[in-house]
Structures are given as structure tokens and as C-alpha cells.
Amino acid sequence: MLLDGRQVHVRPILPTDVEELRAAIDRADPDTLRRRFLGARPPSTDEELARLTQVDYRRRMALAAFDTTGQGVGIARYEAEGDGGTAEVAVAVDPAWRHVSLATCLVRMLAERAQAS
């Protein structure tokens, strides 16, 4: 449950989420793309989307948030860097779902997963 009372379902990303991820990138507004990718729309080739949806759930992890209709509204991921216990973290949230704690919840859940790995 988020600050405004809306609910989301959060689960690890699955390879079957590839089309939902493609759609989310296609409908992303310029501000979302700037925040997440520091610029232009990323390449959404089949290979890149497969890489983003096929994770090992340990060193590469992604959590996806879905609204009550099943549409993706946010994603948070980490990818471990080397063996030093550091990782790159990225979060993207649909503009209509910002400022209600979704990103914070996703990052917190992602950190819990990382610590458990």
C-alpha cells in the first residue's frame, strides 16, 4: 500500500515480462527517460530486452511493480560489480505513480533481496 492508498503487486521480473517492458519504454515520457537513462530512449532490441528480463536473481536482480490491472508502473534493479560488494542500482517509476513512496519501497525491497543473497 502506497502513501495515497493505491496498491501495487511487486515481484521479481520474469522473462515473460519482455513485452510489458518494451511497452513501458515505448510509452515513457522524456522526463522519465532522462531520469532513468540520463538522456535519450535506450535501444529496445530483442537482445537488450532479453538481457533486462533474464536475471539470475542473485548478482542481477530486478523487482517490477504492477497496478491492480496488471500494468507495470515501476521497476528497480541492481547489477553487482565485481566481488567488492558494490552494485549499480537503477529505478524507474511511471510519472502517475511518483511521490507516493513507490520508488522508496522498491529500493528498500531490492536492498533486502541483495542482503539475503
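The structure we're discussing is the one just above.
So, here's what we can say about the structure. What you see is a predicted model, and the numbers here were worked out from it, not measured in a lab. (Residues numbered from 1 in each chain as written. Predicted model: local features only at pLDDT ≥ 70, side-chain atom pairs only at ≥ 80, totals over all residues. Heavy atoms only, no water.)

1. Remarks on the pattern of salt bridges
The tally for this structure, following the rule as stated, stands at ten salt bridges. Across the salt bridge formed by Arg27 and Glu20, the nearest N and O atoms sit 3.2 Å from each other. For Glu20, a relative accessible area of 25% puts it in the partly exposed group. One network of salt bridges, with partners in common, ties together Glu48, Arg51, Arg60 and Glu79. (Salt bridge = Lys/Arg side-chain N within 4 Å of Asp/Glu carboxyl O. Buried < 20%, exposed > 50% of the residue type's maximum accessible area, 1.4 Å probe, protein only.)

2. Thoughts on helix α1 (residues 18-27)
Regarding α1, the residues found buried are Val18, Leu21, Arg22 and Ile25. Projection of α1 onto a plane perpendicular to its axis shows the buried side chains occupying an angular sector of 100°, all on one side. On its buried side, α1 packs onto α3 (46-53). (Helix = DSSP H or I, 4+ residues; strand = E, 2+ residues; numbered from the N terminus. Arc of directions from axis to C-beta. Contact = heavy atoms within 4.5 Å.)

3. Remarks on the sheet that holds strand β2 (residues 60-66)
With respect to topology, four strands assemble into an open sheet ordered β1-β2-β3-β4, the strand pairing being antiparallel. The sheet is open, and its two borders are formed by β1 (9-12) and β4 (86-93), each paired with just one other strand. If you compare each strand with its neighbour and ignore which way they point, the axes differ by 15° on average. Alignment of β1 against β2, held across four bridges, turns out to be antiparallel. Directly across from Pro12, in β2, lies its bridge partner Leu63. (Pairing = 2+ DSSP bridges. Axes fitted to C-alpha atoms, helices over the stretch in contact; angles between N-to-C directions.)

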